[in-house]
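So you can see what is in the structure, the chains are spelled out below.
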Amino acid sequence: MTGTIYERSCLSFYRGCLWKLLKAQGDDCISPHCAVFNMGPDVPLLNDYKQEFFWKRFPQTVLGGPRLKLGYCAPPYVYAHQLVLFLTPWLLGGVGTLLYQVRLLDDAGAGVLSGVLMLAVGAALQALAQRAARSTGAVQRLPAANNILADEEEVEFTNCVAPETVHFVVPGKRFMVNVILHTALAGVLCGLGTWYLLPDRLSVVYADTGAGLSAIVPVFALSWVTLCIGEYSLIVNTATETATFQPQDTYEITPLTRPLYILAFITVDLVLRCSGGGVAELRLASQVLHGLFVVLPLLWAVGMLSPLDALLLWTMEQGLLHALGGSPMATDCRLVLMFLASICVSISAFFIPSSLGVVLFTVAMGYLLSQDLTQIMVLIRGTQHEPSPHNPSVSLGWWALPLSLLLLAGAMTEAGLLHQLYPSPGNLSLSMGTAEAWAWTIDAKGPQAMVGWLLIALFVVTCGLRKLQGACVLGGLLLNPLYPRQVSSVQAFRSKSRGLRAAGRVRRVLLNLVCPLTMIAFLAMDASLHGLRSVSLALGTTRAFRAVWQSCEDALLQMAVVVAVRLAAGEATAPQWHNLGVGIQLILVSLASDRLSQFLAKLRFALTVLVTSWTESKQRRQAAGALLALNGALCPLLLSVVLIAALLAAPLLPLFTLPVFLVGFPRPRRSWPGTPGMACPCPDSVYYQQLSSRLAAALSGALADGALGSCSPGSHFLCRFQDRVVWITVLERGYGYWTINIKGLELQETSCHTVEARRVDEVFEGAFDQLERRGRLRRFLNPHWGNALTPCSALPVRVYSDARNVLTGIVDSPDHLRQLRSDFLKTMVWVLLRHCLQDKSCSSCRVKVHSVQASGRKSQSSQHGVLDEPGPGDAKTGAASQGSPDSISSSNLRGQDSLSLSSFADWSDEDDLFGPVPARKPARMIMVRTEVGYPREELGMSLPGAVEIHSLYENVALASLPTLRPLGLGLGLPVSDRGKDNQLPASPTTTTYPQPLRFTCPHSESLSLAVAWRAAPLPTSRLQALRAYFPEDWFHYCLSRLAGEGFWEGDPEQVCRALQQDQALKEMYTQVALSCAVALGADAPVPSPSMLFRAYCGDAPWPDGLEGLRANEELYQLTLRAFRYSVKLLIDQVSLGPLESLDEMYTTLQDYHINWFIGLATERGWHDAILEEKPFLFSLGHDLTMGTYTGRVLSLQEHLVQVGVLNEEGVRGQWANLSWELLYATNDDEERYSIQAHPIMLRNLTVQAADPPLGYPVYSSAPAHLGCL
């Protein structure tokens, strides 16, 4: 049955719920079919419903589509229809075979007849399916739809030819193009299959083997079963394949998979027939393929054969890597384009008549193709990342292009001269035998031999320098004694690793300049280039000169092996080997070295799974002992499976991550389709987004120096810093560049995530801290050698350090809270003055940036560069700030003071036993007020009442909490006695705009505030009582500092004196500052902690006055910023000591404004500040479970980020199982066995790092280009 993976997953979920419901009701008619999946009492491999679902799907996959096992009762004719359609190709092919056997038709005629008959049957079936689809789409049967307990797959059959019956048996195609294509292909497949399986043809193929009729008959019968399976999946119904690469089959490619594999087998026989049968190799291949043709259904069932899209990409990747000298590419589009370009270069080299022209052409094209041509503009400008003095990278700007051309010209000149001078074509007679020519070229005293010795020496030196820089040696078994350990700071690490960095610089020069020129010299002097022009010579030469640039380290290893073999042969000759030429020899060595490394990595992964299934107590299942014994008894079979997986470059698939190994289907090294960069974003993604750019810059130098080992495309690295886990995948490599993908895993650690993250920390601690252990040898042994993670290096990266503190005794102490009113008024005055002069300073560019002096106040900060920061509170002026007088004074129509406003200063809760006080209004009303009073862009990130909570109720707004609360939770709120409102004396209120102020200083106009800000709807009696608290000295000091900074023209002393004597200016700032303090509730002598916290969050519980303040959006944001500054100032004074002077306070507020973001972690400003790399960020939170207030500080500093390399084949194997388990078995249970924590294999982290929709990284970067010269 066709359908998307998403639809099948939903179907599986609902059917699972149905089964559990029936089981709870005692229905015994549905039960698990097999207990083999419940191998232990702990976590099942497949839940009960998934077992039933699997055993219905798997027979359909084996047979190619017939659904002979349903979860409900179906009429017999449904099964009969499917059986007849399954055997139809055999019946039609039998007609042609019978006519051929009685000699009425020849073999070609028999095939044509069977093909035409199958074409007619296929066309009739598709026409019938299209008609049935239209009928079932127009008619819906209500009884089945109204039965909520009915299986969604259940179909109500009425008769054997009803539309629903036809649609069930033959679902049809979605696209008319596929109807025509698949029908035509079905006819061709049946015709060629009939010719391929003629008994006489089978007798001819196996004639020289002595096989009799008893051996040919089973092959004939089983081969027709294979052909029927392919025809059914193509023209009738397509089964879900175990080898699934794409989550959705949008273009109906899956039906073509099995028929095209069958046609590939038949093609070999066609070539053999066209060649006359005289080619022994083709005859042998035909015999082998006829035998494999019988077991094709088994290979399809276990998922060893790739889908067409994965097969095409894998073929191009392997050809580009080994035959054309390229590299696996970062995206599918780049892979296709690079493969076609490389093929064109090889074809062009074949048609060049001169060997000198071939050498020069291949050297130039190899250099160009090894570059990332999409980064040509970056090549001109220089590298993407900013170079640092400790991690330099070449940034040549416009000089990069001419220097690259100069390097290419030098390489071409060297190759041309050496090719012409040695060996001389005149000295190499064409009549000379091949063995004699090769004996002359391997002269131990010749120039090429000397260059060969130099290549071996360069390989040893570069390999040694690379091993010298790593934290571990010998495959992670031993710790490098030269690597710095137990360092407490980045400076100490750099000081101790100075020698290692020098070794890395030497290796970088050798690998990027000396080695390519030396290898080009060796290749240019090779005698095989003077041979006759051939396809193998063109292909080998193109590949050899391309690999020199594309992958210099691998090419150096391969060339050293070829040179060693030549020198070891000495006088002896090996004609078969030497006749190949150096280009083909390098191709074979490349294949052998790659497959050998894959075999060793897969074998290590298999041993890890086997051993840990018993040694890890939490991984030991009931059948663990039996599986170990079975693997031990079938050890040759296990080694064969590992060997086949290595030869095919396919992942070794541990079924359910148990020691039951299968060969996964070959796929690209990226393991996933599409372009990297998909993620499941969340608020924590911003931390990885900031980290990725800095980490990429650090990785650039580490990769170039070799500190991370020999990194090839497909390698995986794991980085750890505090609670952040970064997954890095190498996608592509070329001359002087790498392309990587950086993923960030979730910060909200689950239990499984925590277990594996703790083990990662232990692995890094064992390598980088090296705790003292007894014994000389044990000191250098890696205690976690068997782990999938091998430590490589520690990289200095500029990253945010997250510190969380409990503020008990600070924000809940009455002694400290008494200072809040004074600090707020001072901060409010400073914020208003800075806001008024900000526009003028930006336009005139006369702002002077002042760094924090060493003797001044430093608020938990180190010496950082000054950054321009308008601040999150600098909101744009909205329409609300320009309101009319009526709207401003509408809230004061009562003509009397509100008791709650006039008495809130006397009511405070110094104990605050029950945490923050919820608002009086219902949650629904608060949400309505929020939507009206806040701009759209801040909804969701900075909602009033949004509370940062690091506990069970994290990211829960107080306004959304239930209204039920413990007794006494209302302490701290002002008391309002509604019954006595009319007994209060009335006092005048401000109901109109104040008269325009007359400034005595001409410079006061630049400090004038908006008229609407001075028309606060507050009682004048309240403001009059607070005038004594206005910080007049601080106001005059701020004016003097601003005058000294050159904001106004003229003598600073005279300007300052004039401003200080302007009483109208002081009156304006007094009225605005005090009204904001009253509206926000900051005028209380001792505010309660709950009031402080809610006001900090922007959800103060005082309705009177606050609504008027919120009507002026810009003033409200400035007030909120000032209050947050004052809270931060309060905390700093308690932690670091009180302020000693006005100058120190002014410097501190400047530091807040420039280097800090002070707000909430849920706000948009927090996200933007991290991306802008603000030096410090502060957030205030509340833990409801502990009843404590918390402070969170992010500081941007350089820290050591630890990096380790993962077993590449272990990652590919687990991802292959994940793909099979979710896309085929639809086992999406969040508590399934294969996602549980595994401290050795890091199974949970590996699953998280997979690409969506199977994995769930919270951040994934686009393919990042790293310049690594």
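- The name recorded for the protein chain in an unreviewed UniProt entry is Pecanex-like protein, from Electrophorus voltai.
- Its UniProt record gives the protein chain a comment under Subcellular location (unreviewed entry), which states: "Membrane".

## Considering the overall build of the protein chain
So, point 1. For the protein chain, the helix and strand inventory stands at 45 helices and 13 strands.
So, point 2. Across the 1269 residues of the protein chain, 54% fall into the buried class.
So, point 3. Counting only contacts in the protein chain whose residues sit at least 6 apart along the sequence, the fraction spanning at least 24 positions is 78%.
So, point 4. By element, 63% of the accessible surface of the protein chain is carried by carbon and sulfur atoms, the whole surface being about 54600 Å².

## A few points about the packing of aromatic side chains
So, point 1. A complete count under the given rule lists 35 aromatic pairs for this structure.
So, point 2. When the ring of Phe86 is compared with that of Tyr232, the centres are 6.2 Å apart and the planes differ by 55 degrees; the resulting orientation is tilted. With Phe86 in helix H3 (residues 76-101) and Tyr232 in helix H9 (residues 213-235), the pair connects residues that are 146 residues apart, well separated along the chain. Of the two residues, Phe86 and Tyr232, neither departs from the other in class, the shared state being buried.
So, point 3. Centroid distance Phe245 to Phe665: 6.4 Å. Interplanar angle 90 degrees. Geometry classified as edge-to-face. You can see Phe245 sitting in the loop between H9 and helix H10 (257-274) and its partner Phe665 sitting in the loop between strand E4 (661-663) and helix H28 (685-705), a full 420 residues away along the chain. Residues Phe245 and Phe665 agree in their burial class; the two are buried.
So, point 4. Three or more aromatic residues joined by ring pairs form one cluster here, namely Phe54, Trp55, Phe58, Phe656, Trp1220 and Tyr1224.
So, point 5. Its guanidinium or amino end placed over the ring of Tyr1096, Arg1124 lies 5.2 Å from that ring's centre, counting from NZ or CZ.

## Some points on a nonpolar patch on the surface
So, point 1. Nonpolar side chains collect at one region of the surface, where Leu284, Val288, Leu292, Val295, Leu298 and Val302 lie side by side and expose about 470 Å² of accessible area between them.
So, point 2. Listed by contribution, the elements that provide at least two residues to the nonpolar patch are helix H11 (280-294) and helix H12 (296-302).
So, point 3. By the secondary structure assignment, Leu284 is in helix H11.

## With respect to the pairing of strand E9 (residues 1156-1159)
Strand residues, when the strand is regular, have side chains that alternate between the two faces of the sheet.
So, point 1. The alternating pattern of E9 places Trp1156 and Ile1158 and Phe1157 and Gly1159 on opposite faces, both of which are buried.
So, point 2. Relative to strand E10 (residues 1176-1183), E9 is paired through four bridges, and the arrangement is parallel. Within E10, the residue paired with Trp1156 across the bridge is Phe1176.

## So, the pairing of strand E11 (residues 1188-1206)
So, point 1. With 15 of its 19 residues buried, E11 lies for the most part within the structure.
So, point 2. Pairing of strand E5 (residues 716-721) with E11, which is carried by four bridges, proceeds in the antiparallel orientation. Residue Leu718 lies in a different strand from E11, and its bridge partner there is Gly1204.
So, point 3. Bridge count for strand E8 (residues 789-806) against E11 is 17 bridges, and the pairing is antiparallel. From the neighbouring strand, Pro791 faces E11, where its bridge partner is Gly1204.
So, point 4. Of the strand pairs in this sheet, E10 and E11 are connected by eight bridges, and their pairing is antiparallel. What sits directly across from Gly1181, in E11, is Thr1190.
So, point 5. Taking the residues between adjacent antiparallel strands as the criterion, E10 and E11 are bridged by four residues, where Gly1187 takes a positive phi near 70 degrees.

## Focus: the packing of helix H25 (residues 581-615) against helix H26 (residues 624-633)
So, point 1. It is at 9 Å that the axes of H25 and H26 come closest, and there the two elements cross at 150 degrees. Judged by the angle between their axes, H25 and H26 are roughly antiparallel. Here H25 and H26 pass one another in a crossing that is left-handed. Seen from H25, the contacting residues are Leu610, Ser613 and Trp614; seen from H26, they are Ala624, Gly625, Leu628 and Asn631.

## Quick word on unusual backbone geometry
So, point 1. Omega for the bond connecting Pro1252 with Pro1253 falls within 30 degrees of zero, at 10 degrees, which places this linkage in the cis form.
So, point 2. One can find Pro1253 in the loop between helix H45 (1243-1248) and strand E12 (1259-1260).
So, point 3. Although it is not a glycine, Phe656 sits at a positive phi angle of roughly 60 degrees.
So, point 4. With respect to the helices, strands and loops of the structure, Phe656 is situated in the loop between strand E3 (652-654) and E4.
So, point 5. Given the relative accessible area of 4%, Phe656 is considered buried.
So, point 6. Residues other than glycine seldom take positive phi values, yet Gln722 does so here, at roughly 50 degrees.

Conventions adopted
- Residues numbered from 1 in each chain as written.
- Predicted model: local features only at pLDDT ≥ 70, side-chain atom pairs only at ≥ 80, totals over all residues.
- Heavy atoms only, no water.
- UniProt positions renumbered as here; feature names shortened; annotations may be inferred.
- Helix = DSSP H or I, 4+ residues; strand = E, 2+ residues; numbered from the N terminus.
- Buried < 20%, exposed > 50% of the residue type's maximum accessible area, 1.4 Å probe, protein only.
- Contact = heavy atoms within 4.5 Å.
- Areas by Shrake-Rupley, 256 points an atom, 1.4 Å probe, with all protein chains shown as cover.
- Phe/Tyr/Trp six-rings, centres within 6.5 Å; stacked < 30°, edge-to-face > 60°.
- Lys NZ or Arg CZ within 6 Å of the ring centre and 35° of its normal.
- Patch = residues over 30% accessible without salt bridge, like charges linked within 9 Å, V, L, I, M, F, W, Y side chains within 5 Å.
- Salt bridge = Lys/Arg side-chain N within 4 Å of Asp/Glu carboxyl O.
- Pairing = 2+ DSSP bridges.
- Axes fitted to C-alpha atoms, helices over the stretch in contact; angles between N-to-C directions.
- Parallel < 35°, antiparallel > 145°, perpendicular 65-115°, else oblique.
- Left-handed = near helix turned anticlockwise from the far one by under 90°.

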